[in-house]
Amino acid sequence: MIQDPFGERHPIISLLAIDNRTDHVFGLGTAFRVDPFGQYLTAQHVLEAWFSPARPHTTVAGLLNPRLVYGLGPLGNDPFVTIASATAFRMPPEDAVRDALLGQDSSRMTLDCMTLRFADSPRLDDVRNFLPLRLTGRWPEVGDEVMAIGFPELGHLDDHPIDRDVLTERMYGSIGRVTGVFSQGREHRRWPTFSVDSLWPRGMSGGPVFNQDGEVIGLVSSSDEPGSDNAQSYAFWFAPIRHLQRYLPHIDPVNPGWVRGWGVLRNAPWHLAALTQDRPRAEEIRSTLGPGYEVRFGSLGPGSDDFVSANSNPM
């Protein structure tokens, strides 16, 4: 169990489905923040069934880490944030007309990964808290130690009333060693994967998988049935998927933890006034500052004002 009363784990949150008629919840899985502009990742299989028209009375929400309180804090809806947008990775349906007539979806998942953005909330304003992704570079090797983080007890929340048990955070880390690396995927799961000699329960699905350098190299995708011979778990693996970077425009693909965006800065004396996700906002900020400030596209080092300008804007 991972304990942290000061909120450094804020980037990792649990995902719940809320029945709007009963206010009961269903535990789904885990998501984590990957840039200062509010983008999260999770496993696609965690959410795809809950976005279907067959569930019109359901809201999918993130449960933020509870604030530090003395005694029992108020319940209410303050910890919840709803999903504003999501991007899934699927092949087009074989016959869209037939699907519409039969009320089915013949498209198939191509990556067990989904990007999320939540509706605005003051609880999401801390731009410092995001996890460093490694999108390129050294591949995992058999024997490497990794750690997955998530909320395994979410699997026990099924049509459960919103109470203290729901709002009590129980985050766990699971350490194991890589047993296999599958750059072309395996069986019917054709996305890059590596296997680990550890069991990751259902509620951990979508959670980050760290290497020993503290970099996120994948996310929890699936696990063998407990008790089966040589049971293992499997992580969706970022590095071999070059086109994934198009959907993560603010993540520096070469330097884990560095963030790409539009910097508002002055060279002499050096001052980085702001980093924004779009140029119009950066120009707006520049117009409020004194002489010498300019707008450049580049990468910002984690927790610093180290800014490296880029020759071109790939976003």
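In case you missed it, the structure is sitting above this.
Residues numbered from 1 in each chain as written. Predicted model: local features only at pLDDT ≥ 70, side-chain atom pairs only at ≥ 80, totals over all residues. Heavy atoms only, no water.

On to empty space enclosed by the protein. Inspection of the entire model under this criterion finds one cavity of 30 Å³ or more. What the largest cavity holds in volume is close to 40 Å³. Within the lining of the largest cavity, the residues separate by chemical class into eight nonpolar, two polar and one charged. (1 Å grid on protein atoms, 1.4 Å probe; cavity = no way out; pocket = protein on both sides within 12 Å on 5 of 7 lines; lining within 4 Å. Points joined across faces, edges and corners; volume = space filled by probe spheres on them. Nonpolar A, V, L, I, M, F, W, Y, C, P; charged D, E, K, R; others polar.)

So, on to the pattern of salt bridges. One pass over the structure, following the stated rule, counts 10 salt bridges. Between Glu284 and Arg281 there is a salt bridge, with the nearest N and O atoms lying 3.0 Å from each other. Of this pair, Glu284 and Arg281 both sit in helix H4 (residues 279-286), separated by three residues, roughly a single helical turn. Overall, Glu284 belongs to the partly exposed group, its relative accessible area being 46%. (Salt bridge = Lys/Arg side-chain N within 4 Å of Asp/Glu carboxyl O. Helix = DSSP H or I, 4+ residues; strand = E, 2+ residues; numbered from the N terminus. Buried < 20%, exposed > 50% of the residue type's maximum accessible area, 1.4 Å probe, protein only.)

Together, Trp139, Val142 and Val181 make up a nonpolar patch on the protein surface, roughly 270 Å² of accessible area in all. Note on placement: Val142 falls in the loop between strand E6 (109-118) and strand E7 (145-150). (Patch = residues over 30% accessible without salt bridge, like charges linked within 9 Å, V, L, I, M, F, W, Y side chains within 5 Å. Areas by Shrake-Rupley, 256 points an atom, 1.4 Å probe, with all protein chains shown as cover.)

Turning our eyes to something else, we now look at the pairing of strand E15 (residues 271-276). Where strand E14 (residues 259-266) meets E15, five bridges bridge the pair, whose relative direction is antiparallel. Its bridge partner lying in E15, Leu265 is registered against Leu272. In this structure, the hairpin formed by E14 and E15 is closed by a connection of four residues. (Pairing = 2+ DSSP bridges.)

This part takes up the sheet that holds strand E12 (residues 216-223). Strand pairing in a sheet is mediated by backbone hydrogen bonds. Such pairs are either parallel or antiparallel. Strands sit in the order E7-E9-E10-E13-E12-E11 around a closed barrel of six strands; the barrel is antiparallel. Taking the axes of each pair of neighbouring strands and ignoring which way they run, one obtains an average angle of 45° across the sheet. Note that E12 and strand E13 (residues 233-237) share five bridges and pair antiparallel. Within E13, the residue paired with Ser223 across the bridge is Ser233. (Axes fitted to C-alpha atoms, helices over the stretch in contact; angles between N-to-C directions.)

The linkage connecting Ala268 with the following residue, Pro269, adopts the cis geometry, with an omega of -10°. Mapping Pro269 onto the fold places it in the loop between E14 and E15. Of note, Asp159 is a non-glycine position whose phi angle comes to about 60°, a positive value. Within the fold, Asp159 resides in the loop between E7 and strand E8 (160-161). A relative accessible area of 40% means that Asp159 is categorised as partly exposed.

The next thing to look at is the nonpolar core. Of all hydrophobic cores here, the largest spans 52 residues; its most connected members are Phe32, Leu41, Leu47, Leu116, Leu133, Phe236 and Phe238. Contact partners of Leu41, with chain neighbours within four places excluded, come to Thr30, Ala31, Phe32, Val34, Cys113, Met114, Thr115, Leu133, Gly206, Leu219, Phe238 and Leu248. Residues Val146, Met204, Val209 and Ala235 belong to the second largest nonpolar core, which totals 13 residues. (Core = buried A, V, L, I, M, F, W, Y, C linked by side-chain atoms within 4.5 Å. Contact = heavy atoms within 4.5 Å.)

Relative to the elements of secondary structure, Ser14 occurs in strand E1 (residues 12-19). In this structure Ser14 comes out as buried when scored by relative accessible area, which is 5%. In this structure, Ser14 is in contact with Gly29, Ala61, Gly62, Leu63, Phe151 and Leu154, ignoring residues within four places of it in sequence.

Time to look at the sheet that holds strand E16 (residues 293-300). Here we have four strands laid out as an open sheet, ordered E15-E14-E16-E17, and antiparallel in their pairing. Of all the strands in the sheet, the pair left with one neighbour each is E15 and strand E17 (307-309). The mean angle between the axes of side-by-side strands here comes to 50°, regardless of whether they run parallel or antiparallel.

Within E16, six of the eight residues are buried, which leaves it mostly tucked inside the rest of the structure. In this sheet, E16 lies alongside E14 in antiparallel orientation, the contact comprising eight bridges. The residue bridging Trp262 from the neighbouring strand is Phe297, located in E16. Where E16 meets E17, three bridges bridge the pair, whose relative direction is antiparallel. Directly across from Leu300, in E17, lies its bridge partner Phe307. The antiparallel hairpin formed by E16 and E17 contains six residues in its connecting segment, where Gly303 sits at a positive phi of about 65°.

By the definition in use, this model includes six aromatic pairs. Between Phe194 and Trp237 the ring centres are 6.5 Å apart and the planes differ by 75°, which places this aromatic pair in the edge-to-face class. In this pair, Phe194 sits in strand E10 (residues 193-196) while Trp237 sits in strand E13, placing the two residues 43 residues apart along the sequence. In this structure an aromatic cluster arises from ring pairing among Trp139, Phe194 and Trp237. Sitting over the ring of Tyr234, Arg186 keeps its end group 3.4 Å from the ring centre. (Phe/Tyr/Trp six-rings, centres within 6.5 Å; stacked < 30°, edge-to-face > 60°. Lys NZ or Arg CZ within 6 Å of the ring centre and 35° of its normal.)

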